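# Survey of secondary and tertiary structure
Residues per chain, in single letters:
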Amino acid sequence: MEQSVKVLSFCLAYILQVNSQDVPDVQYLTNISYGNEPEQIMDLYLPRGRDLLTSKIIVTIHGGAWRSGSKEDMLEQAKWFHSNFPFCAIVNMDYRLGTIQDPGFPKQIEDISLALQFLKSKSAGFNRLD
């Protein structure tokens, strides 16, 4: 998990830090369904006064070798991203896990793709929350 945080941090290095007095309030929306399966849910940290059209989006995806874990495992990382990139929307998602009877690949990749498509299609729906 630490390696994934480093990779995400590296990928997001172009985003500038802001002063703590500029940190906006955040609306926290939980268990938003992005698919038909119960595991296809996400949480969204959305800065007040911003929307998905005007915010960069950071997506956190928990580890667990595609067979264990949940978005709750990434709560501290999601909070860290919000603290360090307060004008970005933070998405913390779950996905369908693999089992011996129902292997994970490729459904987790499909879920990540579906979640990103959902965010693109619904971005105007998560409008300004002043």
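Residues numbered from 1 in each chain as written. Predicted model: local features only at pLDDT ≥ 70, side-chain atom pairs only at ≥ 80, totals over all residues. Heavy atoms only, no water.

With that settled, the discussion passes to the sheet that holds strand 1 (residues 26–33). Pairing within the open sheet is mixed, and its 4 strands lie in the order 1-2-4-3. Across the chains shown, the open sheet's two edge strands, defined by having one partner strand only, are strand 1 and strand 3 (57–61). Direction aside, neighbouring strands of the sheet carry axes that sit 15° apart on average. Where strand 1 meets strand 2 (residues 41–47), 6 bridges bridge the pair, whose relative direction is antiparallel. Bridged to Tyr28 within strand 2 is Tyr45. Running at roughly 170° to strand 4 (residues 89–93), helix 2 (residues 75–84) makes contact with strand 1, strand 2, strand 3 and strand 4 of the sheet. (Pairing = 2+ DSSP bridges. Helix = DSSP H or I, 4+ residues; strand = E, 2+ residues; numbered from the N terminus. Axes fitted to C-alpha atoms, helices over the stretch in contact; angles between N-to-C directions. Contact = heavy atoms within 4.5 Å.)

It is worth spelling out the pairing of strand 3 at this point. Relative to strand 4, strand 3 runs parallel, the two being bridged by 5 bridges. Residue Ile61 lies in a different strand from strand 4, and its bridge partner there is Met93. For the handedness criterion, the β-α-β arrangement of strand 3, helix 2 and strand 4 is classed as right-handed. (Right-handed = clockwise from strand over helix to strand, strands pointing away.)

Quick look at the side chain of Asp111 now. By the element assignment, Asp111 lies in helix 3 (residues 107–122). Of the polar contacts made by the side chain of Asp111, one reaches the side chain of Gln40; its length is 2.8 Å. (Polar contact = N/O pair within 3.5 Å; in protein donor to acceptor, adjacent residues only side chain to side chain.)

It is worth spelling out the pairing of strand 2 at this point. Side-chain direction in a regular strand flips from residue to residue, so the side chains alternate between the two faces of the sheet. With respect to burial, strand 2 is a largely interior element, 7 of its 7 residues being buried. Side chains Ile41, Asp43, Tyr45 and Pro47 project from strand 2 onto one buried face, and the interleaved Met42, Leu44 and Leu46 project onto a second face that is buried too. (Buried < 20%, exposed > 50% of the residue type's maximum accessible area, 1.4 Å probe, protein only.)

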